[in-house]
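Structural characterization, general
Each chain, letter by letter, is given below.
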Amino acid sequence: MIDIVQKMKTEDKNNMPKVRIAVIGKSNVGKSALTVRYLTRRYIGEYRSNTDLLYRQTLTINNSPIEVEVVDVCSCDLGRFPEEPIYWADACVVVYDITSKKSLTHATELIQKVHQLRSQHQIPMLLLGNKADLEHLREVEEIEGRTLAVQHGCQFYEISVAENSSLIYSAFDLLLSECRSVLSTQKTRKFSVSKMIGTLIGNNNGKVTSNTSQGGTVVVCQKSDLYKSRVLKRRHNFTATASL
Ligand SMILES: Nc1nc2c(ncn2[C@@H]2O[C@H](COP(=O)(O)OP(=O)(O)OP(=O)(O)O)[C@@H](O)[C@H]2O)c(=O)[nH]1
């Protein structure tokens, strides 16, 4: 009996849609704080990492479960565009900081590059102007962010991760919902990216811990392993000459 229940659980999990999201943006705009806020409802003020982090969690959106993988893309390598996560992702969240004009410029370049890279299969994008609580330091007007979003067909919101804007949740939920609809129109997932290699971060050696209360995990991405199978497949699909 236990075996049957276990088997059913495994089948349910296997049938669950899986959505992958890449969170990108200039350094210090609040990508990590945003990701942790959305997945755990908590705010982590100081957060340093020199590698991409992958969060996995099962969420319930519109009353049905969805397996979500969010990669918080490290901006430590500023000179290099994060190509692999973009090939890997089903959707992208681009973050800038309303107190930094440079971060908007960077976000603009990122959005353009995502469009280029995924030109044969555009992915939904969400543009977020973070740190809206710092109005007195504002360098980017709301209309600038909105215009950029309209130009590129993204959803757009100004938010404050620190102040826990409710828009964070509605924006992510909407994006996930959109991705799930896209996935359900595809016949089958052509490949699996369960090839996640990494080290579970414990309390003692990292800033982030597994959120067991919500069944979430976070792993350090060993980039080549994380993205390899899916990136290769995408590249084979979309650009015949590309290779890793
Ligand atoms: N005032 C304010 N500060 C914020 C907000 N969100 C994040 N921060 C702060 O901004 C700083 C950077 O946040 P992170 O989440 O580390 O930013 P990041 O984009 O992941 O940075 P990198 O890891 O360098 O790429 C931290 O000191 C956060 O506490 C916000 O909404 N308002």
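Going by the structure above, here's the rest.
In this text the structure is predicted, and so the values were computed from the model without any measurement. (Residues numbered from 1 in each chain as written. Predicted model: local features only at pLDDT ≥ 70, side-chain atom pairs only at ≥ 80, totals over all residues.)

Section: helix α4 (residues 101-117)
Given 3.6 residues to a turn, an α-helix orients residues that are three or four positions apart in the same direction. Taking 1.5 Å as the rise per residue, α4 with 17 residues should run 24 Å; its terminal C-alpha atoms sit 25 Å apart, in good agreement. Among all positions of α4, only S103, L104, H106, A107, L110, I111 and V114 are buried. Along α4, the residues classed as buried sweep out an arc of 160 degrees about the axis, all on the same side. Looking at α4, the residues exposed on the side facing more than 90 degrees away from the buried face are E109, Q112 and Q116. Buried residues in α4 make contact with β1 (18-25), α3 (83-88), β4 (91-97), β5 (125-130) and α5 (142-152). (Helix = DSSP H or I, 4+ residues; strand = E, 2+ residues; numbered from the N terminus. Expected span 1.5 Å × (residues − 1). Buried ≥ 20, exposed ≤ 12 C-beta atoms within 10 Å, placed from the backbone. Arc of directions from axis to C-beta. Contact = placed C-beta atoms within 7 Å.)

What to know about the packing of α4 against α5
Viewed as axis vectors pointing N to C, α4 and α5 meet at an angle of 5 degrees, and their least axial separation amounts to 11 Å. As the angle between them shows, α4 and α5 are arranged roughly parallel. Each of L104, T108, I111 and H115 in α4 lies in contact with α5, whose residues at this interface are E144, G145, L148 and H152. Class assignment for the residues of the contact of α4 with α5 results in three nonpolar, four polar and one charged. (Axes fitted to C-alpha atoms, helices over the stretch in contact; angles between N-to-C directions. Parallel < 35°, antiparallel > 145°, perpendicular 65-115°, else oblique. Nonpolar A, V, L, I, M, F, W, Y, C, P; charged D, E, K, R; others polar.)

Looking at α5
What α5 keeps buried is the set G145, L148 and A149. Seen along its axis, α5 keeps its buried residues to an arc of 95 degrees; they face one direction. Residues I143, T147, V150 and Q151 are exposed on α5 and point more than 90 degrees away from its buried face. Each element contacted by the buried residues of α5 is listed here: α4, β5 and β6 (155-158). With its phi angle positive at about 65 degrees, G153 sits one or two positions after the end of α5.

Take it as geometry only, folks, not as evidence of what the structure does.
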